[in-house]
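If you want the building blocks of each chain, they are given just below.
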Amino acid sequence: MATPFFTNDQAVDPGYSAIRDGSDPRLKSAKAHCDYLWIFFERHADKEFRTELRRTFDARYWEMYLTTSLILAGYEVICPKPGPDVGIIYRGQRIWFEAVAPDCGHPGKPDSVPTEVEGEAPEERIILRYLNGISSKYKDQYSKWVAKGTVSHKDTMVYAINPWAIPWDHSDSDPPRILQAAYNVGPPNVEVDPTSMKVVASGYEFRGFCRKAPKQQGEEGEKVPTGVFQQKEYAWLSGLLCSRAEAVNRPAEMGADFQLAPSLHATVPLPEGFRLQGTYYATKQVENRYQVTPIPVARATLF
């Protein structure tokens, strides 16, 4: 007999309690949705999953959502313990996915994001949270997986980011934040003819780093390099995926909001033709710049 997804145990995470105990139709729908995903995911969950769910609901939900999306897309998945959250095979190539769920950070820390949403979004602070999530997962886990033989140097690796826990990031920016983390790209700019006052060119600013807030007044904050795809340190990273799916606020069709960005500089790139439902950022290098084209994808490629 299957174990229930929600338990009656005390929960630290208010989102968990709200969905478990809520009477609002949207909360009831979210609870039914979680119970449905659990049918597919339970056998892949680790022993601590339901315990950790009560503490960090959004992060663990994202792991379940990502894995179940791949299952329902038609892939056969494996979830090694310990190891990356989920793996599939595409045309003989192993592709690993590791769920990353950045939050606002600890209040007062140099790279934290204010929790109150007022005024203009603090874009650099948000990108710092993406970069911190990628860096922390890499330093804490990747080398251990390789050392144990769970992950091979011949495998591809995708970090799947869900930034819903950052209140400012419930909608995307221009350019998409996943690309701002992947490349040295910043906010949009335009070139205006001073005579006619007409826009003659448009593009994006170069941004090679985001700066943390200074620890003390009068100091400069630490520079954190952007463009993980352009750094040799991250040559093992084959791509980034982004989704803002959350138990209550999610697309009607699972995976419909996925954004998949492949790395041109990966030691083992994503297989040619591999696509997931949502948006695929087709990328090519033209001289000293990157040309990125968003391509809608109606259905994941299986073969």
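Scroll up for the structure.
Residues numbered from 1 in each chain as written. Predicted model: local features only at pLDDT ≥ 70, side-chain atom pairs only at ≥ 80, totals over all residues. Heavy atoms only, no water.

1. Some words on the overall build of the chain
Here is step 1: Across its full length, the chain carries 6 helices and 11 strands.
Here is step 2: The C-alpha radius of gyration computed for the chain amounts to 20 Å, which stays within 12% of the reference 19 Å derived for 303 residues, consistent with globular compactness.
Here is step 3: In terms of overall dimensions, the chain has C-alpha extents of about 75 × 45 × 40 Å along its principal axes.
Here is step 4: Considering the chain, the positive charge centre built from 35 side chains and the negative charge centre built from 38 side chains are found 5 Å apart. (Helix = DSSP H or I, 4+ residues; strand = E, 2+ residues; numbered from the N terminus. Rg over C-alpha atoms; globule rule 2.2 N^0.38 Å. Lys, Arg positive; Asp, Glu negative; His and termini not counted. Charge placed at Lys NZ, Arg CZ, Asp CG, Glu CD.)

2. Topic: the nonpolar core
Here is step 1: Membership of the largest hydrophobic core comes to 44 residues, with the highest contact counts inside it found for F5, F57, F97, L241, F274 and L276.
Here is step 2: Only α1 (14-21), α2 (25-41), α3 (49-53), α4 (57-73), β1 (86-90), β2 (93-100) and β3 (156-161) provide two or more residues apiece to this core.
Here is step 3: Sequence-distant contacts of L241, defined by excluding residues within four places in its chain, comprise W62, F97, V158, Y159, A160, I161, I178, F258, Q259, L260 and L276.
Here is step 4: Residues I126, L131, Y138 and V185 belong to the second largest nonpolar core, which totals 37 residues. (Core = buried A, V, L, I, M, F, W, Y, C linked by side-chain atoms within 4.5 Å. Buried < 20%, exposed > 50% of the residue type's maximum accessible area, 1.4 Å probe, protein only. Contact = heavy atoms within 4.5 Å.)

3. Some thoughts on the layout of surface pockets
Here is step 1: In this model, the largest pocket occupies a volume close to 930 Å³.
Here is step 2: Taken together, 34 residues make up the lining of the largest pocket; nearest its centre are T56, A59, R60, A101 and K137.
Here is step 3: If you list the elements that add at least two residues to the lining of the largest pocket, you get α4, β2 and α5 (123-148).
Here is step 4: Per element, the largest residue contribution to the lining of the largest pocket is 10 residues, and it comes from α5.
Here is step 5: In terms of residue class, the lining of the largest pocket is made up of 12 nonpolar, 6 polar and 16 charged.
Here is step 6: The volume enclosed by the second largest pocket comes to roughly 510 Å³. (1 Å grid on protein atoms, 1.4 Å probe; cavity = no way out; pocket = protein on both sides within 12 Å on 5 of 7 lines; lining within 4 Å. Points joined across faces, edges and corners; volume = space filled by probe spheres on them. Nonpolar A, V, L, I, M, F, W, Y, C, P; charged D, E, K, R; others polar.)

4. With respect to the sheet that holds strand β11 (residues 289-297)
Here is step 1: On the basis of which strands lie adjacent, the open sheet formed by 7 strands has the order β1-β2-β3-β8-β9-β10-β11 and mixed pairing. A single partner strand is all that each edge strand has here, and the edge strands are β1 and β11. The average undirected angle you get between the axes of adjacent strands in this sheet is 25°.
Here is step 2: The sheet strands contacting α4 are β1, β2, β3 and β8 (239-242), and the helix crosses β2 at an angle near 150°. (Pairing = 2+ DSSP bridges. Axes fitted to C-alpha atoms, helices over the stretch in contact; angles between N-to-C directions.)

5. Section: the pairing of β3
Here is step 1: With 6 of 6 residues buried, β3 is to be regarded as a mostly interior element.
Here is step 2: Burial along β3 is two-sided: the residues T156, V158 and A160 and M157, Y159 and I161 are all buried.
Here is step 3: Here β2 pairs with β3 via 6 bridges, running parallel. Looking across to β3, one finds that V100 is bridged to I161.
Here is step 4: Two elements, β3 and β8, share 4 bridges in a ladder whose sense is parallel. Across the sheet, residue A160 finds its bridge partner in β8, namely L241.

6. Notes on empty space enclosed by the protein
The gaps of empty space that remain are located by a probe, the size of a water molecule, rolled over the atoms.
Here is step 1: Across all of its chains, the model carries 1 cavity of 30 Å³ or more by this definition.
Here is step 2: Volume-wise, the largest cavity comes out at about 60 Å³.
Here is step 3: Taken together, D58, A59, Y61, W62, A101, N162, W164, A165, A245 and E246 form the lining of the largest cavity.
Here is step 4: Here the lining of the largest cavity is composed, by residue class, of 7 nonpolar, 1 polar and 2 charged.

7. Examining the pattern of salt bridges
Here is step 1: A full pass over the atoms with the stated rule returns 13 salt bridges.
Here is step 2: Ionic pairing is found between R244 and D172, a salt bridge with its closest N-O pair at 3.2 Å. On the criterion of sequence distance, the pair formed by R244 in the loop between β8 and β9 (259-262) and D172 in the loop between β3 and α6 (177-182) is long-range, its members being 72 residues apart.
Here is step 3: Linked by salt bridges that have partners in common, E123, D169, D172, R177 and R244 make up one network. (Salt bridge = Lys/Arg side-chain N within 4 Å of Asp/Glu carboxyl O.)

8. Overview of the environment of V77
Here is step 1: Along the polypeptide, V77 turns up in the loop between α4 and β1.
Here is step 2: Leaving out residues up to four positions away in the same chain, V77 has contacts with H44, T67, L70, I71, V86, G87 and I88.

9. Examining α4
Here is step 1: Under the 1.5 Å per step criterion, the end-to-end length of α4 is 24 Å for 17 residues, consistent within 8% with the ideal 24 Å.
Here is step 2: For α4, the full list of buried residues reads F57, R60, Y61, W62, E63, M64, Y65, L66, T67, T68, S69 and L70.
Here is step 3: Following α4 by one or two positions, G74 adopts a phi angle in the positive range, close to 115°. (Expected span 1.5 Å × (residues − 1).)

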